[in-house]
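# Remarks on the overall topology
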Amino acid sequence: SDGSHNPNLTVYASGEYTVTAQYGCNTDVATIEVEVYNPPAVDIGDDIILCDGDVTTITLDPDFGDYLWQDGSTSTDYVITDAGTYHVTLDDGCDITHDTIVVTLLDPPAPFSLGADTFLCPGDDLSYVFDPDLGEFQWQDGSTEPSYDMDEEGTYALTIPNMCGAQMDEIKVVEISP
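Okay, so let's go over this structure. (Residues numbered from 1 in each chain as written. Predicted model: local features only at pLDDT ≥ 70, side-chain atom pairs only at ≥ 80, totals over all residues. Heavy atoms only, no water.)

## Re the overall build of the protein
Where we set the bar: Secondary structure elements are taken from DSSP: a helix is a run of H or I of four residues or more, a strand is a run of E of two residues or more, and numbering for both begins at the N terminus. Using C-alpha atoms as the atom set, the radius of gyration is obtained and then compared with a globule rule of 2.2 Å times the number of residues to the power 0.38. Only protein chains enter the accessibility calculation, which uses a 1.4 Å probe; a residue is then buried when its area is under 20% of its type maximum, exposed when over 50%, and partly exposed in between. It only takes one pair of heavy atoms within 4.5 Å for two residues to be counted as in contact. Using the Shrake-Rupley algorithm and a 1.4 Å probe, accessible areas are obtained, with residue cover drawn only from the displayed protein chains.
Helix and strand content of the protein: zero helices and 14 strands. Taken against the 2.2 N^0.38 rule, which gives 16 Å for 178 residues, the C-alpha radius of gyration of the protein at 33 Å runs more than 25% over that of a compact globule. Based on the C-alpha atoms only, the size of the protein along its principal axes is roughly 125 × 35 × 20 Å. Counting over 178 residues, the protein shows a buried share of 24%. By sequence separation, contacts in the protein at least 24 residues apart represent 41% of the contacts at least 6 residues apart. As presented, the protein carries roughly 11,900 Å² of accessible surface, and 49% of it is formed by carbon and sulfur atoms.

So, in structure tokens, the structure goes:
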């Protein structure tokens, strides 16, 4: 098919291949249809974050071949409840492919306190500065900064949420005159 005169032909694409052989006064032609099997590589998805107590199951197609997980199991359904690196190998009979995901456990935000209700004298203020790593900040007025100044009477509330839960506290500030 490719014009070569070698006794072997390596093919990398599906198609029909023909060889012509001459020996003495005889000429023979043989044709073969080749289908190159290109299965999809194994794919167990992107890295994931789980909340404590959550479960995720990875389900793979059993028709693709034989699977081998990092723990030696061979099931097409793999249940994950803990943080870690998970690895699977697929042997489809022609090729071996691998995929890995990292699972991270996320705790709900830690409890915090704005303190007890309090009083402010004229000209005073009450300031909070939280560690920005605690999560997202949602103050009662829509502010999202980890620091906040209170300089007038009112009820102030802070919520710190993440995908695993939320913590909230509020404080009442009353202005008093000397």
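## As for the sheet that holds strand 3 (residues 48-51)
Where we set the bar: Strands qualify as paired when DSSP identifies two bridges or more between them. To obtain an axis, a line is fitted to C-alpha atoms, over the contacting stretch when the element is a helix, and the angle between two such axes runs from 0 to 180 degrees between their N-to-C directions.
Here we have four strands laid out as an open sheet, ordered 3-8-7-5, and mixed in their pairing. The open sheet is flanked by strand 3 and strand 5 (66-69), the only strands paired with a single partner. On average, each strand axis in the sheet is tilted by 25° relative to the strand beside it, whichever way the strands run. Where strand 5 meets strand 7 (residues 84-91), four bridges bridge the pair, whose relative direction is antiparallel. By the bridge assignment for strand 7, D66 is matched with D91.

## Overview of the layout of surface pockets
Which entries qualify depends on this criterion: Only protein atoms enter the 1 Å grid, on which a cavity is a set of points fitting a 1.4 Å probe that cannot get out and a pocket is an open set with protein on both sides within 12 Å along at least 5 of 7 lines, lining residues being those with an atom within 4 Å of a point. Grid points are joined across faces, edges and corners, and a volume is the space filled by probe spheres set on the points.
Estimates place the volume of the largest pocket at around 340 Å³. Forming the walls of the largest pocket are 16 residues, and the residues nearest its centre are S1, S4, T18, V19 and T20. Elements with a contribution of two residues or more to the lining of the largest pocket: strand 1 (15-23) and strand 2 (26-34). Broken down by element, the residue count for the lining of the largest pocket peaks at four residues, all from strand 1.

## As for the pairing of strand 13 (residues 154-162)
Sheet analysis places strand 11 (residues 138-139) next to strand 13, joined by two bridges and oriented antiparallel. By the bridge assignment for strand 13, Q138 is matched with T159. Judged from the nine bridges that link them, strand 13 and strand 14 (residues 165-175) form a sheet pairing that is antiparallel. Looking across to strand 14, one finds that N162 is bridged to G165. Where strand 13 folds back on strand 14, the antiparallel hairpin that results is connected by two residues.

## Brief notes about the packing of aromatic side chains
Heads up, the rule is: Centre distance within 6.5 Å is the pairing criterion for rings of Phe, Tyr and Trp, where only the six-membered ring of Trp is used; planes under 30 degrees apart are then read as stacked, over 60 as edge-to-face, and the remainder as tilted.
Counting across every chain of the model gives nine aromatic pairs. Between F130 and W139 the ring centres are 6.4 Å apart and the planes differ by 50°, which places this aromatic pair in the tilted class. Grouping residues by exposure puts F130 and W139 together as buried. Members of the aromatic cluster, connected to one another through ring pairs, are F112, Y128, F130, F137, W139, Y148 and Y156.

## Let's talk about the state of the cysteines
Worth spelling out the cut-off: Throughout, disulfides are identified as pairs of cysteine sulfur atoms within 2.5 Å of each other.
Scanning the entire structure with this criterion turns up one disulfide. One disulfide bridge connects C51 with C164, the sulfur atoms lying 1.9 Å from each other. Judged by the sign of its S-S torsion, about -95°, the cystine formed by C51 and C164 is left-handed. With a gap of 113 residues between them, C51 in strand 3 and C164 in the loop between strand 13 and strand 14 connect regions that are remote in the sequence.

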